[in-house]
Amino acid sequence: MLQNYSQPLEFTNLTTWIDSTLGANLPSFWSIAIEMVLVAVALLAVYSLTAMILIYVERKITAFFQARIGPNRVGKYGIFQTVADVIKILLKEIIHVNKVDKFLFYAAPFFMIVASMLTFGAIPFAQGLHAVDFNIGVFYVTAVSSLGIIGVLLAGWSSNNKYSMIGAMRSGAQFVSYELSAGFALMTMVVLTGTMQLSEMIESQRFCWNIFNGHISAIVAFIIYLISGHAETNRGPFDLPEAESELTAGYHTEYSGLQFGFFYLAEYLNMFIIASIAATVFLGGWMPLQVRGWDAFNQIMWYLPSYMWFTIKVFLLIFFSLWVRWSFPRLRIDQLLNLEWKYLLPINLVNILVMVLLVLAGWTLNDIF
């Protein structure tokens, strides 16, 4: 069986060993409690490290697109520049602003972090490396990722700043609009696979990734999800809520120090989360490229660890996101909303009906072959 192929540095054996060791030496309550703490610490470490890597990667890719060098002083190739920036932002003074709603003002950044962290925990990073695997996984990630808009609206409202408020209202309109298209695109894949559980979705893509299995309908859903996800992360050309030339910095204008760092961190992690969900639902997640009946080819594909397959797919999607960001000018608010309500949403509604017909007729590639 393909799932029994030997793979280097996989995590299934490690997690099973930790669980069995704790279960054999401790009462059930303490065993579960320690496992939960270990998972939380691991997620926080990966969360922080991923954000630092993404910041460095974006700087280098941006420099490439703009024909310049990028970070090149702190460490070889500027690799420690992000570390220096993290230390700097941790040490910077938090400026206390007069006439703000203090409770909401200080609570807003935590909504951003908690929302992205809850979604981050549901991502299947590799075979056997999946912290939370609900049977309604797609619904869960859609729901908890939407909590971040609460932090944005609270930040804009509580800052008592007209620019922050305008940025928050723009972000609210943008997020609520494009959340519909992102949700319908994911539901199109739920119709195709017949499950909302992310682990089962990945397993169903063993011999054919969803983007191929669902024909044109899956490709349309994939493109719409990338556009909608890009818009939800407030990144160019959809960066109206943070338009520096219009709103100074948008909803987080009044934030400084570590509080601003939370917004900055959440933005990069949301970019990673969108790419991760797209890779999981449309591109097989950590599953390597497999062809039914080609056992020798399949064995070779398994030589690359599952977490490497996941990382490659996510990086390619992030690279594409950055390519779009630095290639197109910022849209006006009317253009942004017209794109969603007049084009993406109607196309999405028709597309999900087409996918239903494909599945009922048995015309997907998995059914045919």
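Basis of the calculations
- Residues numbered from 1 in each chain as written.
- Predicted model: local features only at pLDDT ≥ 70, side-chain atom pairs only at ≥ 80, totals over all residues.
- Heavy atoms only, no water.
- Helix = DSSP H or I, 4+ residues; strand = E, 2+ residues; numbered from the N terminus.
- Rg over C-alpha atoms; globule rule 2.2 N^0.38 Å.
- Buried < 20%, exposed > 50% of the residue type's maximum accessible area, 1.4 Å probe, protein only.
- Contact = heavy atoms within 4.5 Å.
- Areas by Shrake-Rupley, 256 points an atom, 1.4 Å probe, with all protein chains shown as cover.
- Lys, Arg positive; Asp, Glu negative; His and termini not counted.
- Charge placed at Lys NZ, Arg CZ, Asp CG, Glu CD.
- Phe/Tyr/Trp six-rings, centres within 6.5 Å; stacked < 30°, edge-to-face > 60°.
- Lys NZ or Arg CZ within 6 Å of the ring centre and 35° of its normal.
- pLDDT = per-residue confidence, 0-100.
- Core = buried A, V, L, I, M, F, W, Y, C linked by side-chain atoms within 4.5 Å.
- Axes fitted to C-alpha atoms, helices over the stretch in contact; angles between N-to-C directions.
- Left-handed = near helix turned anticlockwise from the far one by under 90°.
- Nonpolar A, V, L, I, M, F, W, Y, C, P; charged D, E, K, R; others polar.

A few words on the overall build of the protein. Across its full length, the protein holds 16 helices and zero strands. Scaling as 2.2 N^0.38, a compact globule of 369 residues should have a C-alpha radius of gyration of about 21 Å, and the protein matches this with 22 Å. Taken along its principal axes, the extent of the C-alpha atoms in the protein is 65 × 55 × 45 Å. For the protein, buried positions account for 47% of its 369 residues. Considering only contacts in the protein between residues 6 or more positions apart, those separated by 24 or more positions represent 79%. Only carbon and sulfur atoms are counted for the fraction: they give 72% of the accessible area of the protein, which is about 18500 Å². For the protein, the distance from the average site of its 19 positive side-chain charges to the average site of its 22 negative ones is 12 Å.

Time to look at the packing of aromatic side chains. Tallied over the entire structure, the rule returns 23 aromatic pairs. Both rings, one in W294 and one in F297, keep their centres 5.9 Å apart while their planes meet at 85 degrees; by these two values the pair is edge-to-face. By relative accessible area, which is 27% here, F297 ends up partly exposed. An aromatic cluster is present here, built from Y47, F120, F125, F272 and F310 joined pairwise through their rings. Above the face of the Y268 ring, R235 is positioned so that its terminal group lies 5.2 Å from the ring centre. A cation sits over an aromatic face here: K313 above W209, 4.1 Å from the ring centre.

Here G285 shows up in the loop between helix 12 (257-282) and helix 13 (295-301). C-alpha of G285 to C-alpha of V141: the two residues are 144 residues apart in sequence and 15 Å apart in space.

Turning our attention to the confidence of the model for the protein. Averaged over the protein, the pLDDT score is 87; the fraction of residues at 70 or greater is 94%. Here helix 11 (residues 244-247) stands out as the element of the protein with the lowest mean pLDDT, 60, in contrast to helix 10 (residues 215-232), whose mean of 93 is the highest. Below pLDDT 50 for its whole length, residues 1-9 participates in 18 contacts with residues either more than four positions away or in separate chains.

Moving on, we get to the environment of I273. With respect to the helices and strands, I273 occurs in helix 12. Placed 236 residues apart in sequence, I273 and V37 show a C-alpha to C-alpha distance of 22 Å.

Here we take up the nonpolar core. Grouped together as the largest cluster of nonpolar side chains are 71 residues, with contacts concentrated most on F120, M189, Y225, F272 and F282. Here this core gets 15 residues from one element, more than from any other, and that element is helix 12. When sequence neighbours within four positions are dropped, the list of residues in contact with F282 reads A185, L186, M189, Q205, W209, N210, I211, A218, A221, F222 and Y225. I224, F238, L240 and L336 belong to the second-largest nonpolar core, a separate cluster that totals seven residues.

As a packed pair, helix 10 and helix 14 (residues 306-325) sit with axes 11 Å apart at the nearest point and diverge in direction by 65 degrees. In the crossing of helix 10 with helix 14, the sense of the turn from one axis to the other is right-handed. Contact with helix 10, carried on its side by F222, L226 and H230, involves L317, F320, S321, V324 and R325 of helix 14 and no other residues of that element. Across the contact of helix 10 with helix 14, the residue classes tally to five nonpolar, two polar and one charged.

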